[in-house]
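The residues making up each chain are set out below.
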Amino acid sequence: MLRKHKTTVLSLFSALMLCSCSQTAAPLQTDNTAHTRDVFAMDTYMSMKAYGENAETALSAAEKYILRLESELSVTDEQSCIAMLNSKGSGEVTDDATEIIRKALEVGESTDGALDITLYPLLKEWGFTTEDYHIPEQSVIDSLLADSGFERVVLDGNTVTIPESFQIDLGALAKGFTSDKIMDIMQENGADSAIVSLGGNVQAMGTKPDGSPWKVSVRDPFMPDTDMCILEIQAKAVITSGNYERFFTGDDGKNYWHIIDPADGYPADNGLVSVTIIGDSGLQCDALSTALFVLGDGRAQDYWRAHRDFDMVLVTDDKRIIYTEGIADRFTNISNMEAEVLSLD
Ligand code: AMP
Ligand code: MG
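Bear in mind the structure is a predicted one, so any value in this text is a computation, not a measurement.

Reading the values: rules and limits
Residues numbered from 1 in each chain as written. Chains lettered and ligands numbered in written order. Predicted model: local features only at pLDDT ≥ 70, side-chain atom pairs only at ≥ 80, totals over all residues. Heavy atoms only, no water. 1 Å grid on protein atoms, 1.4 Å probe; cavity = no way out; pocket = protein on both sides within 12 Å on 5 of 7 lines; lining within 4 Å. Points joined across faces, edges and corners; volume = space filled by probe spheres on them. Helix = DSSP H or I, 4+ residues; strand = E, 2+ residues; numbered from the N terminus. Nonpolar A, V, L, I, M, F, W, Y, C, P; charged D, E, K, R; others polar. Core = buried A, V, L, I, M, F, W, Y, C linked by side-chain atoms within 4.5 Å. Buried < 20%, exposed > 50% of the residue type's maximum accessible area, 1.4 Å probe, protein only. Near = heavy atom within 4 Å. Polar contact = N/O pair within 3.5 Å; in protein donor to acceptor, adjacent residues only side chain to side chain. Areas by Shrake-Rupley, 256 points an atom, 1.4 Å probe, with all protein chains shown as cover. Sits in = over half its atoms within 2 Å of the grid points. Expected span 1.5 Å × (residues − 1). Contact = heavy atoms within 4.5 Å. Donors = N, O, S within 2.8 Å, 3.2 Å for Na, K, Ca; no water. Axes fitted to C-alpha atoms, helices over the stretch in contact; angles between N-to-C directions. Parallel < 35°, antiparallel > 145°, perpendicular 65-115°, else oblique. Left-handed = near helix turned anticlockwise from the far one by under 90°. Phe/Tyr/Trp six-rings, centres within 6.5 Å; stacked < 30°, edge-to-face > 60°. Lys NZ or Arg CZ within 6 Å of the ring centre and 35° of its normal. Pairing = 2+ DSSP bridges.

Asks: Would you mind going over the layout of surface pockets in detail, with residue names and values included?
Replies: In this structure, the largest pocket spans a volume of roughly 1,700 Å³. What lines the largest pocket is a set of 50 residues, and nearest its centre among them are M42, G171, K175, R246 and H258. Within the residue set of the lining of the largest pocket, elements represented by two or more residues are β4 (44–51), α2 (55–73), α5 (120–126), α7 (174–188), β10 (214–220), β11 (223–233), β12 (237–242) and α8 (282–295). Here the lining of the largest pocket is composed, by residue class, of 23 nonpolar, 16 polar and eleven charged.

In structure tokens, the structure reads:
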């Protein structure tokens, strides 16, 4: 059931910076210094903030891990296990890559193939990997689609096998996995609390140092330089897929974006312009943000009703915000769009 509910809290807005996460209250702990580290990896600006006397050690360990993951998962670095798998058709991948592939196949299965890690050749053809954009010929789309399908990826232990013409890419899940790992590293190294933003995808450990929830803003897909809503979170990931993140305008004047619908090989255009998933696991949230974007408004709502182990904020192409009841008291709409709560009854 959808309940209409419009809220606007301007006082919050002035306290927030135009970034995906921010702090408003003065920390009460003894060591209230924010230690920060910025890293550019996986084609993404990553910023990390940690608190506590072990913060610097934790940040250094996290930075090292990010660079390691980048070299393991890159599709362009010939030495990476993913690039080697793509060129040979079979190969041993790292434990991290195995975990990501396992989740990708699981979510591919549960979303009727909306998440499909074998679309890499098609993404290349559209130019999303090189920024050399163009609308492919229908016959090319048809033949590349015929040579794709997540169900033909075989995972046996750490060994992955794909058909000869196939190539995989973990771009839809890699950042969520990375933020999970950063949280683990922060914990293991004894940081008191931490928050990371990987190109706008946020994950937090615990609360802010003063014990209050982190405030995370989500962008307005119709005005991507502006925030649309604020979420209050503790120890959660907040991961968004949107049509504004990477797109080009074709000769026909239409916009074409980077999330492909495996049903027809075109950018997914099923009623949604952005999907934000809020949950415990960054990997799960990242997989679902992409998959539910593809499924579209109605099927994304059905998926949430059937699973309910996450919350979400959907934005429809007719400018409505739909958010699930689990975050209703932690959601503040600061846009001029109408926001509706999605509940089970
Ligand atoms: P995200 O920003 O997490 O939604 O991931 C988008 C990226 O995932 C794209 O840039 C592509 O590399 C890849 N991708 C696009 N469409 C799909 C899809 N249907 N299934 C899996 N990966 C996709
Ligand atoms: Mg994703």
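Asks: Kindly report on the nonpolar core, identifying the contributing residues and their values.
Replies: Core analysis: the largest hydrophobic core is formed by 72 residues, its most contacted members being M48, I101, I168, L173, I182, M186 and L292. Among the elements that take part in this core, α8 stands out by supplying nine residues, more than any other. Counting residues in each nonpolar core, the second largest holds 23 residues, with V202, V218, V273 and I321 among its members.

Asks: Talk me through the site of ligand 1; I want residue IDs and the actual numbers.
Replies: Around ligand 1 sit 18 residues, and of these D116, S241, I260, D286 and T290 come closest. One nitrogen or oxygen atom from the main chain of I260 is found 2.8 Å from a nitrogen atom belonging to ligand 1. The contact in question runs from an oxygen atom of ligand 1 to an N or O atom on the side chain of D286, over 3.0 Å. Protein burial of ligand 1: of its 500 Å² of free accessible surface, 93% is covered by the chains. One can see that ligand 1 is located within the largest pocket. Of the residues in the shell around ligand 1, the class split is nine nonpolar, four polar and five charged.

Asks: Before we move on, could you go through α8 and cite the residues and values that matter?
Replies: Taking 1.5 Å per residue as the helical rise, α8 with its 14 residues ought to reach 20 Å, and the 20 Å between its terminal C-alpha atoms agrees with that figure. The element α8 is largely enclosed, with a buried count of 14 among its 14 residues. Sitting at the amino-terminal end of α8 is S281, which places a side-chain oxygen 3.3 Å from the backbone nitrogen of L283.

Asks: Tell me about the side chain of T276, residues and numbers included.
Replies: With respect to the element layout, T276 can be found in strand β15 (residues 272–279). Side-chain polar atoms of T276 contact the side chain of T240, separated by 2.8 Å. Residues in contact with T276, not counting those within four places in the same chain, are V218, V238, I239, T240, D311, M312 and V313.

Asks: So, the coordination of the magnesium ion (ligand 2): which residues are in play, and what are the values?
Replies: At the metal site, the magnesium ion (ligand 2) is ligated by A172 (O), D286 (O), D286 (OD) and T290 (OG1), and these contacts range over 2.1 to 2.4 Å. One chain supplies every donor for the magnesium ion (ligand 2), spaced along it as A-x113-D-x3-T. A residue pair is termed a helical-turn pair when its members lie 3 or 4 positions apart in one helix, as D286 and T290 do in helix α8 at four residues. T290 matches D286 in its accessibility class, with the two residues each being buried.

Asks: Now, about the packing of α2 against helix α4 (residues 95–110): what can you tell me, with residues and values included?
Replies: One can describe the packing of α2 onto α4 by two numbers: an axis separation of 10 Å at closest approach and a directional angle of 70°. Between α2 and α4, the angle falls in the class roughly perpendicular. Remark: the crossing between α2 and α4 carries right-handed chirality. Together, Y65, R68, L69, E72 and L73 of α2 and D96, A97 and I100 of α4 make up the contact between the two elements. Counted by class, the contact of α2 with α4 contains five nonpolar, no polar and three charged residues.

Asks: Pulling in residues and values, what's your account of unusual backbone geometry?
Replies: Of note in the backbone geometry, R308 takes a positive phi value of approximately 60° without being a glycine. Tracing the backbone through its elements, the reader meets R308 in the loop between α9 (297–307) and β16 (311–316). When its relative accessible area of 49% is taken as the criterion, R308 is described as partly exposed.

Asks: Tell me about the packing of aromatic side chains, residues and numbers included.
Replies: This model, assessed by the stated rule, comprises twelve aromatic pairs. With centroids separated by 4.9 Å and ring planes inclined at 10°, the aromatic side chains of Y133 and F248 adopt a geometry described as stacked. With Y133 in the loop between α5 and α6 (138–146) and F248 in strand β13 (residues 247–249), this residue pair connects regions lying 115 residues apart in the sequence. F248 gets classed as buried once you look at its relative accessible area, which sits at 9%. When the centroid spacing of 6.1 Å and the interplanar angle of 40° are considered together, the rings of Y303 and F310 count as tilted. Overall, F310 belongs to the buried group, its relative accessible area being 5%. Between K319 and the ring centre of F222, over which it is positioned, the NZ or CZ distance is 4.8 Å.

Asks: With reference to specific residues and values, describe the sheet that holds strand β6 (residues 154–156).
Replies: Read across the open sheet, the three strands follow the order β5-β7-β6; overall the sheet is antiparallel. Each of the sheet's edge strands pairs with one partner strand only, and the pair in question is β5 (90–92) and β6. With strand direction ignored, the average angle separating the axes of adjacent strands in the sheet is 15°. Bridge count between β6 and strand β7 (residues 159–161): three bridges; the pairing is antiparallel. Residue pairing for β7: L155 is matched across the bridge by V160.

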